[in-house]
Structures are given as C-alpha cells and as structure tokens.
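# Reading the structure
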Amino acid sequence: MSERVKITIDGKEAWVEPETTILEAARTLGIDVPTLCHNPALEPYGACRMCTVEIVGKGWSQLVTSCNYPIRREMEVLTASDRVVRGRRMLVELLLARCPDAPLFQEMAARYGVGRPRFETQQADLCYLCGLCVRVCHERVGAKAISFVGRGVEREVATPFFKISEACIACGACEFICPTGAIKVSDITDKPIRPLPLEFDMGLRGRGNIYIPFPQAVPNVPVIDRAHCLYFQAGTCRTCEEFCPPHAIDYSQEDEFLDVDVGAVVVATGFDPFDARDKPEFGYGRYRTVISGLEFERLASASGPTQGKIKIDGKVPQDIVFVHCVGSRDKQQGGEYCSRICCMYTAKQAHLAHDKIPGSNITVFYMDVRAFGKGFEEFYDRVRAEGITYRRGNPSEIYRRGDRLVVRAEDTLLGRTVEVEADLVVLATGVQPRADAAEVASMLSLERGEDGFFQELHPELRPVDTKRRGIFLAGTVQSPKDIPDTVAQAKAAAAGVIVELSKLRRKAE
Amino acid sequence: MSADAQTKIRSPEDLAQLRQELQRLRHPERPCLAICAGTGCLAYGVNKVIDAFHAELELRGMADRVEVLATGCPGFCERGPLLTVRPQGIFYQRIQVKDVPEIVEETLIHGRVIDRLLYQDLRTGEPVVHEADVPFYRLQRRDILWMNGLLDPTRIDDYIALGGYSALLKALYTMQPEEIVEAVKKSGLRGRGGAGFPSGRKWAEVRHAHGDLKYVICNADEGDPGAFMDRAVLEGNPHSVLEGMIIGAFAMGSRQGYVYVRNEYPMAVTNIGLAVEAARSHGLLGEDIAGSGFAFDVAIRRGGGAFVCGESSALMQSLEGNVGEPRAKYVHTSEKGLWERPSCLNNVETWANVPLIVNKGWEAFAQVGTEGSKGTKIFSLVGKIQNTGLVEVPMGVKLREIIFDIGGGIPEGRPFKAVQTGGPSGGCIPESMLDLTVDFDELSKAGSMMGSGGMIVMDDRTCMVDLARYFLAFLKEESCGKCVPCREGIARSLEVLTRICDGLGQEGDIALLQELGETLQGFSLCALGKSAANPVLSTIRYFRDEYEAHIRDRRCPAGVCKPLIEYWIDPALCTGCTACARPCPEHAISGDKKMPHTIDLLLCIKCGACYDICKFNAVLIRSGESPSPLPGEGSGEGSVPSLAVEA
Amino acid sequence: MMEPSAVDRILERHGRDPANIIAILQDIQAEVNWLPEEDLRYVCRQLDVPFSKMMSLASFYRAFSLKPRGKHIVQVCLGTACHVRGAERIADTIARELGIHAEGGTDAALQFTLETVNCLGACALGPILVIDGEYHGGMTSAKATRLLAQVKKAGDNGHDDNGG
C-alpha cells in the first residue's frame, strides 16, 4: 500500500493516493477547474490547456496542466493565480476568435471578462480540436472512424479522404460528447441514424443503451440493452463498468430459469393497446400530429418526453380533436367489445389539454359517453362546462390540409357531415388482449373467450377464479377495466389465493 | 565500404591488433587527396571533381600510388570544394574540375604549391599553405570534428585506424556500467540538442528506472533552419556517434537503440546505415559485442518531414508509427518513453562526446569549458558572414571571437546587427552583447538560448521584424496543432507581425505580441510552443525601434518589407546599360540605351532581379519616402529620412 | 496504383511492423511518386491499421503527398540562411515559371512539383535548389529559371531519386 501524499489546493488540504492527478484532487475538494478537452471516461489529452494551474514552491513556480499531472510528492497549488487567470483569458480570447458562434465560448468569455477578441475571425468554426470525438471513437467505441487530419492550424477532424466512413457504426458518441455541436453523425456516415425508442414514452423520445425503463420501475436501477450495447456487440467500451461506484455492473449476468413449487398462481399479465395503424383512415403513423391515447398520456406527464407540455415538434396545438372508440366496438378492427376506459380517460385528457393550453379549442367525437363509475358523470359534466365540445359522430377519415389536419365525421345530431380542423388529433385507442395471450393460456391450460380475454370461471359469481383450481385472474387479462376495478379484482384474487393456500396447509398437517 | 571481410573483434587485443595493421597499411608517407564529399560540397558539384581526379590519376598511371579520400564535412563550407593534400597538409579551396590536371601535375608530381588555390587570410591578404594554419581551423578546438577530414565515413577501418572504438572496448572491459554513468555525470556533459539537460543525470535516471527493456535513441532530426552540425557529424563520422550509443547502452542496460534521422538528410541516413552494418560485421554491434557478452543493436529510422519530431516525446511517437504529437513530460521519458519504457534520448553531438569522455577521463573533459557548460560545442555559422561553416570551440568563448575572428566578420564590410542563436526557439543578440560567452546559462539569461548550435549572423540589411515574422511562419507550419496556445497563438502572432510588416501595424500591437508571448511560454504543451515567442520577444527587447518605425512611420529601416519599400534607380549612377531591364519579369524598367532608366512602381513586384544584377549599384531600395521621385530628381538623399541601400 | 505483390515486398522489407509505417510509406512514394488511396488501404488491411490512423499519418508528415506529383521534383530550401539570401524570391520565381502556387504544388501537366523545405543543411551555398535529388547552390532567380529550362529541354532526366 503506498503512502498518501498531501496536496494543498487554494488553501484547502487533501491527502491523495500517489499518481492521482491534480484535477482529480481538486474535484474531490469541490474546487472547480475549467476544462475543455477533458472527459473522465477518456485518457487525459492535455490539449486545451484551460486546466492549467500553478504549482508554487519556495522561490519558484511552475505552470502545469492539472488533468494529467500526477501527484507524487507534497505540493501546493493555486488554481486561479494571476498568471493562470491571465493565460486562461487569452486562451478564451483565442478560442472565441476561432469559434465566435459557440455558446460555450461566449459563456466562458462572459465568465472571465473577455471582451471582443482582438483577432479577426477568418472562417468561423465550431470545432476547436479538443479531440473528444476522436478519442471516444478510438478509446471507447473502438470504431476508429474519424481522426485528426493535417497539422497546425490546418488540422481538422475528418474521415479518411473526407469520404463517408465505412468504419462508423452510427453510435452517436461523437455527437454526444462534442461540447459545441461541431460534429454530426450524419457528416460521418450515411447509415440511418435511428435513436433507440424509450418504450415507456411510446417512442416519443430516445434512450441510451443503459437506461431506467420508467421512473417507478422496480427495482429502480438501469438496465443494459444487450442488442445495442457496444460491449456486447463489439467487446469495446465498458465505460459504465468503470464508473459505477459500487461496481454493480456485471456483464456476465444471464437470465436465470427457476423451478418453483407453488400452490397458487395469479395471472395478471395485462393488455396491449390497440395499434391505430390498423385503422389507416385516421392517418396514425402517417401524420405526426395524430397520436394515440397512451402517447398523449406521456406528453401530459411531468416525467414524460416534453416534461408535461403538450407539444409536437416543438409546437403547442391550439385546436385539438379527440376521437372515441378507436379499435373498440368495431366489427372490422380491434374488438367488438367496449374497452371501458376510453370515455373517461378521454374526458380526463381533454380536461388536461384545456388546462395546459389556455384558449385552446377542444372537440370530442363520441358515439356514447359511458360515465358509469363513482363521480364519473359529474366529471363529464364539468368537462363540458369548461367549454370542451362533445359532438356525436364517428369520424370517417382524417386528412391533411396544408399544415393542419381535418377530421371528417357525420355529426348524427346535426344530421350532416362536418369537418373540424385540428393541430392535434388524439385517438382513444382501446384495450386488447396481449399478443402472447394464446401462448400463456396454453401454458397454463386456461380458456379464453371469443374476444381473446382470459375466461373467468363464472361471469357474475366467480370473476377471479378460473377453471383450474389455484389459478386466479386479476386485471385486464380478464377484460378491459380501469384502475379502481383492477385493484378490487387484485384484492379478490389475493383473497382467493389465501383461501387456497390455507386449505393446502391444513391438508399437509 | 569496409574493404576486408569479417574481422570480428572479440577482445581489446583484437582491436589493438587490427588498429596496428590498419595503421601500417595506411603508409603515413603515401600521398592522399582528402576531398570533402559532404552534402554541402556535393551541392558545389564535388562529385565531378572527385571523378576528375580518379580519371587524371588513372591517365597518369598513378592510381595505385595516390589515395583519393572522400571525407565527411570538415566544416569550412564557405570555401568548398575543399582539398587537403597529404602528407604535406597543403590546403586548397574552391577547387574545380578544371584545376584537377594542374593539381596532379604541380602539387602531386612536382611538389609545388598553386597559389591561386590557396586560402588568403582575410585580414592580411597573405596566402596560407597548410590546413593547420588556416585561421578558421586554427582558432577552433575540434575535439569532435577533427576526424571529419581524415576518414572516409563509409569505411569502419578508417575510424578504427584513427583510434575508433577504443573507448568502447575500454568501457566494456575495464569499467562498470555504474562507473560510466558517474563519469558522464562528473564530466558535466549537457545535452547538445538545445535544452542542455545534464546528460549524466538522464543516464542515471534511465539506469535506475524500473523495467528490463530500455532504449537509447539518437536524435538526428536536426530541424533548426541554418543548423547542420549534426548532419556533418552523422554524415562525416557516423561511427563516433554509434560508439557513444553502444557505450551508453552498456552503461544504462539497454539492448536496443534507434537513430532517428530527418528525411531531408539522405547522405546521413545512408552513412549511418553503412556504419551499423560494418559495426555488426566486425562484432561491435549485435550479440556478444567485442566478446564482452553485452548485446545491443541499432535500427535506423527516418523522419517524415516534421520539425516537431525533434522534440523528444514527439520523436518517440514517430518511432512508434504515430503522428509526431508531443505529450506531457511530467513523467520523464527516462521513466516512461518509447513504448512507455525507460528511454535515453540524446542528440548526435552529445553521443559523439561520449567516447571522448571515456578515453580522456571525465576530469580531462571537465577541464574544457566553463563552470556550468563543459566541453566543446559545434556551431553552424551562417548568414551574413565571411566564413560560413562549422565552428567548434570550447564553451566560454566569446561570441565576438566566433563571429569576427573565426567567422571573418560580415561580408562587404557591412555593420554587424545581430546574431540569432538557437534557431526558431532562440533569440537574437545585438552588437552590445557580443562579449557574451557561449554558455548555456549565459545565453538563457540574455533571453536567447544555445539551442542546437545554429548561429545566424545578420547585418543592417536584415529587418528584425521580418526575421521574427519568418520564424513564426516557420513555426506555424511546423506546429502539430494539438494545443490551443501554440496552434492559435502562433498563427495570431504571425497575423500581427504580418500586419506590421505590411505597414498596417497599430498602437498596442507590440503589447499584444508580448501578451501572446506570455501565454505561449506558460501554457504550451511542448518546447516548440513554449519557445515560439522567443524570436519575437527578443527582437522587441533589443530592436523595439524597428518595430516602432514599422508601426508608426510605415517604414522598414532595413529596406526589406516589400509593402514598405520601393526600388528606385539613381539617375546619377545609372549608365543606361539596360542590364536590369531584361531580367525584369514585369517589364517595369524603361529607358533608352545609355540613358538613365526608371522603374514603373505600379508594375514593380519588388523581386529584386534588377538589384541583384546592377554592376553600378544604381538600383536603390527606399523606405518611408513619399511621394516617389521623378526621373532626374536628386541623387538618392530625399528630404524624408530614408535608407538608400546599395546593391 | 501498385501491384499488391510490390507492396507486399515493401511490407516484408520492414518486417510487416506497423511501427515502421513511415518507412513503408516512404518506400511506396519512392516507387510511384505519391501515395495512392488504394495502396494505403491495402497496407491498412495487411497490417491491421485503422484507415483513419493512416489518414492522420499521411497528412501529418510533409514528406508525403496524397496527390500525384510531377515527374520532376523541385525543392527550394527556405531555411534561415537561405531566407536571408533571398530564397523566397526564388521560390516565387519558380512558382511563376511553373504556374504553381508559391507554397508548393504540382503543375497541371504533372511535369513539375514544387516543394519548400525547411533547411537542407547546406547553408554555405544558399539559396539551394534540389531538382530530382541533385543539389544546386548559389541560386538566383535568373539561374533558377535557366536550370528549369534545361530540365524541361532534357525531358526525362533519368534521375528518379527523390531523396532529400
């Protein structure tokens, strides 16, 4: 074990392991040393010189870059001496002259009191050759698609012969790590650049290879997407493993298959939302401003892709149309049954939209309004009182006119066709049995109804039991239902389990 | 190439025996024509001279009795091609093919001296017959260069005959590695490449570093413009460098060495390559060197045309097959260098000093030089100097002596203005400081540095602002571009200087240059950036008035900066010979025969062709005078202060 | 473009060692007068060197040309000693004569390439010109022009050595 070394930075003392860099020591002391080419996941490069500090001794001092200076003996360091600050200001001035449009340097100039550079900008650039993109591509990603070409002021980041790179895997690390936005993946490769969709946000935003699936995930820890993780694909990177403080990352983890003897099973496998692309007349999947009910949920959620602001492509819609019964009560698509939740969730969504977008015009096209539950009718009244228009009619199609949408429907109360223009259309997509319902049913030897939902033993008297003793149903696996009903059914299933298990225990004794 | 076959040396006795045999064969009385065949004389066409001698001797049936020895560069480049007729030591300079028959007839056959080929003392005009009496050589102390005129660099036997490799055998058989390191330390030898780092200390660091794979490297990437000491040593006496490296490798425990030669020195590459092969076949390189059991080998590598690769960490990157990007040296390369292993990198001249230290002993070596700078240093004296060439002197000699006594002073009697030492990393030293001695610390104190030894002498026709601009343009080309201060700071300094030279300088530009200089010095990654400001800062320090003339008066006192000068023909001196009109690429000169000519300033591109050719010194350069003079007006002295520079 | 077998010979000569990449590139350029992209790609595949690194190397070192060079290589020394003796004027003259940029380049007919070099170490003879490996000292603009005319007239000089 090596002896720790004392370092004093700006008057604060720390004891560090030998070979710790001055920058690392400063950060543990909470001292902010500016850097422009440093990244903890990459080898220190020492190119920007911004992290320069002054080591002071008796009658001497030395300027060194803190990012790569290893502490080996006791020393005293100043991170903002006059000499250091003068140099930093000149560096910022030089960089601002090179990259006048980079917000990074504009901010630094403001912070260090650097005015207009005394040097002419011949050709404004955003790249200041920090090398972060090149280094991440070589050191972590391993694709080595880009490099520094030329030398001196002619130096630039480029692909070989400035052609589209064959080696680039379109991982986006270069674009991600660039401090000024100088490099774009589309400059390097012509491979399609597709962000990985965050499933919980309905693909409305992307996610990385390591992500927490949703805020309330249990356990609330990140997972690695093996299909796209660089380590699993190419054996490179491993940055997450290096940086996880409790060393929790273990790439060798595999799925475990357990054999468990149980006395009861509760099937609560949920539902799939209806895919509105199956109703092409509504333009879902074709028009970006036609969205599903779940997508609206995510837009409206404070933890969603837009932090709760209703906007598409940065624009806030003023005219919104909600359409009931998409994929429900439908002889051709989806199911003939009523999905039960849509009338109320649409009313809720209309209310939210009205609340978040003052002055908005909101129309709901309905066939019926099934406000059956406790307080539901009152809520429906309130929503209409807020000025949201309910029109009876089933839209026949939705099409684009200019940059707006037009919802065409037969208003049955007016007795004529109406066309309502909208900036946003929300389709109240219904509830469907899961795609793998047949598989699960066969595995458990359970029956399903005509509509595909799992069959309860008796529709009135035994709503949570199945034909098989000890197997219970809970939630939308059995039929569409909302949250209060699901909870009630879950409790009922649990009660059924308790009864069954106590019977078995008594038998065993 | 070595004439005989594989005479493997397996002991000091073998070497001594071989030396005796070779010396016997060399017939001290046998006539020998030692002709410099270094790169410089090659450019003079010396190959044709050598061929002519061979042909002439053949013709006269003397080919087997007279040796024609093509030697390395002895350093008197101004007077090349050089010939020393031995054994008399008669020294002929500026010989040409047409002189060959006469030399053979008169000097070789009849023993008579040809006066017109002798060197004439610049001060007395007296001819000097013998090489040893030529002041240029006599005033030097040629501890390293003495062999250059005595051997054929492609023949190891010549080197051995002159005592070569005796230091190596002495080291291998009578000294311990630690002892050798101590000797180098005590000798006070400091790196000759520019930084002047104590070599013994470096050797000790490498010797004591962890790891059993260590490297010794010879830095022959002599990039300073105007410096060619290393070229002469490596071309002219490659074995001296090799011997030093083998001794060093033995002392430090290295098995593998590299010589990194810049791409622009093809002859040096060839000659060190031949030397390595010859050493191998004589058992002086490779396994079991000279029967001592020590194994060491050397590989030759060429540079790719990058000045920055003279910097040690960049050189090592280049050896690894990477671009020559320097890296931080907070951890010395003696600890982690080539391939992260302990590496000792030394300059060519430094290595060449090692056999000397071993043979003479460190005490004798330390007798020469000053307290802080021991031994001799080779300088390349170039520029506005009578005797351009290589000058080797003990440390501590005054600049004045080098420039005026050995160098012969400034041609055409022009006044000395400044001498640039240390190349683009160094600074200029003005006339008032000519009594400075060549010593690492003395020169640093004066704001310059010893550098690798380039000494560029300037007269009143050199513009110091243009000089600073020239060096910055050089450095801008050579900057690797990695760090911000060097890449951006040098380019911007060059912009400011170019503005000043173009007559667009502003108040505050000098202060701006100084600010940029401070950032360069303190914040650059490597020595290229750190020292880039030296030429600017030293010229500002000693020649501030020139800067101010450019900025405030739009005037170039030396008559150099094109936008600030104009060419003018003095009608009083012009004879109308029309010699100037013909070479003018823009046909800007007009005038009838025998009548004064004039230059149309709107067409003149200031190429200087007329200035070069006028035999009557009638073409003048003026700066700062306005308006332009009309034909027939005055004779050069305008009402506004100007410098009429004569052709 | 070289025959793969010819490139292989060069690779063998240097032990197929990526550390010797500079020497390998120099040998290729000595044979075909520049560094064609296909040959560089071949070397990369053979030595398992990323192509981006090859690009860095070939563009960093001034000795290498990624564009075809002329039959005759004309090098002007711009070292300090040559500079104070007017080397820049000579470079300008030559550039004008050949129709090339003064900083260096190749003429349209691929007959001449002008390169500037930072000191060849023959400072006594400055300004120096090296044409196809032959050194010429004591140059002036006029002498340079005459020399170029000689080269043009002589056609193929027979000197392919691009050393220096």
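Residues numbered from 1 in each chain as written. Chains lettered and ligands numbered in written order. Predicted model: local features only at pLDDT ≥ 70, side-chain atom pairs only at ≥ 80, totals over all residues. Heavy atoms only, no water.

Turning next to the overall build of chain B. Check the secondary structure of chain B and you find 23 helices and 20 strands. For 647 residues, the compact-globule estimate of 2.2 N^0.38 gives 26 Å, and chain B sits close to it at 27 Å. Buried positions account for 62% of the 647 residues belonging to chain B. Taking the intrachain contacts of chain B between residues at least 6 apart in sequence as the baseline, contacts between residues at least 24 apart amount to 71%. Taken as a whole, chain B presents about 23,100 Å² of accessible surface, with 51% of it coming from carbon and sulfur. Positive and negative side-chain charges of chain B, numbering 68 and 83 respectively, have mean locations separated by a distance of 2 Å. (Helix = DSSP H or I, 4+ residues; strand = E, 2+ residues; numbered from the N terminus. Rg over C-alpha atoms; globule rule 2.2 N^0.38 Å. Buried < 20%, exposed > 50% of the residue type's maximum accessible area, 1.4 Å probe, protein only. Contact = heavy atoms within 4.5 Å. Areas by Shrake-Rupley, 256 points an atom, 1.4 Å probe, with all protein chains shown as cover. Lys, Arg positive; Asp, Glu negative; His and termini not counted. Charge placed at Lys NZ, Arg CZ, Asp CG, Glu CD.)

A word on a positive patch on the surface. Side chains of R582(B), K593(B), K594(B) and K615(B) sit close together on the surface and give a patch of like positive charge. Positionally, R582(B) belongs in the loop between β16 (565–569) and β17 (589–590). (Patch = residues over 30% accessible without salt bridge, like charges linked within 9 Å, V, L, I, M, F, W, Y side chains within 5 Å. Salt bridge = Lys/Arg side-chain N within 4 Å of Asp/Glu carboxyl O.)

All names here are of chain A. Across the sheet, 5 strands lie side by side as β2-β1-β5-β3-β4; this open sheet has mixed pairing. Two strands in the sheet have a free side with no partner beyond their single neighbour: β2 (12–16) and β4 (60–65). Ignoring strand direction, the axes of neighbouring strands in this sheet form an average angle of 30°. Inspection of the sheet shows strand β3 (residues 52–57) paired to β4 by 6 bridges, in the antiparallel sense. Paired with V56 across the two strands is S61, which belongs to β4. On the sheet, helix α2 (residues 82–98) packs against β3, β4 and β5 (75–78) and is oriented at approximately 160° with respect to β3. (Pairing = 2+ DSSP bridges. Axes fitted to C-alpha atoms, helices over the stretch in contact; angles between N-to-C directions.)

Further remarks concern the domain arrangement of chain B. Residue and element names in this part refer to chain B. One can read the domain layout of chain B as domain 1 (31–138), domain 2 (156–366), domain 3 (376–459), domain 4 (464–552) and domain 5 (565–647). A straight line from the C-alpha centre of domain 2 to that of domain 3 covers 27 Å. For the pairing of domain 2 and domain 3, the buried interface totals around 1,400 Å² over both sides, and the portion due to carbon and sulfur atoms is 61%. At the junction of domain 2 and domain 3, the tally comes to 2 salt bridges. Here R190 ties to D441 by a salt bridge, and the two come within 3.4 Å at their closest N and O atoms. At the boundary of domain 2 and domain 3, one finds 6 residue pairs in polar contact (both at pLDDT 80 or more). Considering every element that reaches the side of domain 2 that touches domain 3, the biggest residue donor is helix α10 (residues 229–236), with 3 residues. (Domains from an automatic or database assignment. Buried area = accessible area lost by both parts, 1.4 Å probe. Polar contact = N/O pair within 3.5 Å; in protein donor to acceptor, adjacent residues only side chain to side chain.)

We now examine the pairing of strand β4 (residues 90–93) of chain B. Residue and element names in this part refer to chain B. By the alternation rule, side chains of β4 split into I90 and Y92 and F91 and Q93, which are all buried. The pairing of strand β3 (residues 82–86) with β4 spans 4 bridges and is antiparallel. From the neighbouring strand, L82 faces β4, where its bridge partner is Q93. Counted along the chain from β3 to the antiparallel partner β4, the turn is 3 residues long, and its residue G89 has a positive phi close to 80°.

So, about unusual backbone geometry. Cis geometry marks the peptide bond from V218(A) to P219(A); its omega dihedral reads -5°. Position of P219(A) relative to the elements: it lies in the loop between β10 (210–211) and β11 (223–224). A cis amide bond links G80(B) with the next residue in sequence, P81(B), at an omega value of -5°. You can see P81(B) is positioned in the loop between β2 (67–71) and β3. Of note, H247(A) is a non-glycine position whose phi angle comes to about 50°, a positive value. Within the secondary structure, H247(A) is located in the loop between α8 (239–243) and β12 (265–267). In this model, R94(B) sits at a positive phi of 55°, which is unusual for a non-glycine residue. With respect to the secondary-structure elements, R94(B) resides in the loop between β4 and α4 (100–109).

The domain architecture assigned to chain C consists of domain 1 (4–60) and domain 2 (72–154). One C-alpha centre belongs to domain 1 of chain C, the other to domain 2 of chain C, and the line joining them spans 29 Å.

All names here are of chain A. Of all the residues in helix α11 (residues 376–385), the buried ones are F376, F379, Y380 and V383. Viewed along the axis of α11, the buried residues span an arc of 100°, placing them on a single side of the element. Of the residues in α11, the exposed ones pointing more than 90 degrees away from the buried face are E378 and A385. Taken together, the buried residues of α11 touch α10 (342–356) and β17 (389–392). Positive backbone phi, at 105°, marks G387, one or two positions downstream of α11. (Arc of directions from axis to C-beta.)

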